[in-house]
Amino acid sequence: MAVNVLDAGSLLGAFGALGIAVVLFAETGLLIGFFLPGDSLLFTAGLLCVPGATGAVHLSLPQVLLAAVTGALVGAQTGFVIGRRGGRALLARSDNKRLHEGAQRAEELLDRYGHAKAIVLARFIPIVRTVLNPLAGALGVPTRTFAIWQTAGGLLWTVGLVLAGYALGSSVPSIDRYLLPMVAVIVAVSLTPLALELLRSRKSAKDRNR
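Since we're looking at a predicted model, the values are computed, not measured. (Residues numbered from 1 in each chain as written. Predicted model: local features only at pLDDT ≥ 70, side-chain atom pairs only at ≥ 80, totals over all residues. Heavy atoms only, no water.)

A few words on the packing of helix H5 (residues 97-122) against helix H7 (residues 143-171). Working note: a packed helix pair is described by the angle between its axes plus the distance between those axes. Between H5 and H7, the least distance of the axes is 8 Å, while the angle of their chain directions is 30°. It follows from the interaxial angle that H5 and H7 lie roughly parallel. Crossing of H5 over H7 shows right-handed handedness. Residues His115, Ala116, Ile119 and Val120 of H5 pack against Thr145, Phe146, Trp149, Gln150, Gly153 and Leu156 of H7. A class-by-class count of the residues in the contact of H5 with H7 yields six nonpolar, four polar and no charged. (Axes fitted to C-alpha atoms, helices over the stretch in contact; angles between N-to-C directions. Helix = DSSP H or I, 4+ residues; strand = E, 2+ residues; numbered from the N terminus. Parallel < 35°, antiparallel > 145°, perpendicular 65-115°, else oblique. Left-handed = near helix turned anticlockwise from the far one by under 90°. Contact = heavy atoms within 4.5 Å. Nonpolar A, V, L, I, M, F, W, Y, C, P; charged D, E, K, R; others polar.)

Encoded structure:
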């Protein structure tokens, strides 16, 4: 069967917990992974860990949590090392508009909130969580500072979304039957911070031009 890398259900059905680790590593550590469905993958995995779920795929909660945390933390640290060694040339080689917009948002987060808060917040913003890690390395964020706060943010993001999916699946019978609508909601919610940042940036630009 063909695997749709943009579909959380397809990825989990084909690769299980191992697929979670690989996808999160690519999304948080490699610029080519910016399009991967990290948020929906984590939430869906949590749903599929519920005992008695009617779906064709059933996952182990401990395995999912271990895979998610490992992929996210190792990926982010790898991205940081790549950025430290490769610098801004990595982004300059790409002509993808979304990546460059994400880099701009990442720099704004670092300038506005400082290293610690920006690194944690970036975990919850698609694309930004992909580019902030190498960007932090390129900008010379101290390694210890990055490691501490990317770990904190990574744990909050992965464990939080997986347990949110698990909790909802446990409290609502047969919730996995409505997997596609639920994933759509998660994707929409995950894009909200990015949309708010774009609106704030545009408003600030208009204020400066007055």
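The discussion continues.
Tallied over the entire structure, the rule returns two salt bridges. With its nearest N and O atoms 2.9 Å apart, the salt bridge here joins arginine 129 to glutamate 27. Of the two residues, arginine 129 sits in helix H6 (residues 128-138) while glutamate 27 sits in helix H1 (residues 8-29), which places them 102 residues apart along the sequence. Salt bridges linked by common partners bring Glu27, Asp39 and Arg129 together as one network. (Salt bridge = Lys/Arg side-chain N within 4 Å of Asp/Glu carboxyl O.)

Mapped onto the present numbering, the UniProt feature "transmembrane region" (unreviewed entry) falls on residues 12-34, 65-83, 154-172 and 178-199. Each end of residues 65-83 is marked by a C-alpha atom, and these two atoms are 27 Å apart; helix forms 100% of the span and strand 0%. Taken end to end, residues 154-172 has its terminal C-alpha atoms 27 Å apart, with 95% of it in helix and 0% in strand. (UniProt positions renumbered as here; feature names shortened; annotations may be inferred.)

Counting residues in each nonpolar core, the largest one holds 22 residues, and the members touching the most others are Leu12, Ile20, Leu24, Leu42, Leu59 and Val64. Elements supplying a minimum of two residues to this core: H1, helix H2 (38-47), helix H3 (61-86) and H7. It is H1 that provides the largest number of residues to this core, a total of seven residues. Core analysis: the second largest hydrophobic core is formed by 19 residues, Phe80, Ala103, Leu109 and Leu110 among them. (Core = buried A, V, L, I, M, F, W, Y, C linked by side-chain atoms within 4.5 Å. Buried < 20%, exposed > 50% of the residue type's maximum accessible area, 1.4 Å probe, protein only.)

The next thing to look at is unusual backbone geometry. Even without being glycine, isoleucine 127 reaches a positive phi, approximately 75°. Residue placement: isoleucine 127 occurs in the loop between H5 and H6. In this structure isoleucine 127 comes out as buried when scored by relative accessible area, which is 6%.

If you walk through the whole model with that rule in mind, you get one aromatic pair. Both rings, one in phenylalanine 80 and one in phenylalanine 146, keep their centres 4.4 Å apart while their planes meet at 15°; by these two values the pair is stacked. Taken together, the positions of phenylalanine 80 in helix H3 and phenylalanine 146 in helix H7 put the pair 66 residues apart, joining distant regions of the chain. With respect to burial, phenylalanine 80 and phenylalanine 146 carry one shared label: buried. (Phe/Tyr/Trp six-rings, centres within 6.5 Å; stacked < 30°, edge-to-face > 60°.)

For H6, the buried fraction is high: 10 of the 11 residues fall into the buried class. Residues of H6 that are buried include every one of Val128, Arg129, Thr130, Val131, Leu132, Asn133, Pro134, Leu135, Ala136 and Gly137, and no others. One or two positions beyond H6, positive phi appears at glycine 140, with a value near 80°.

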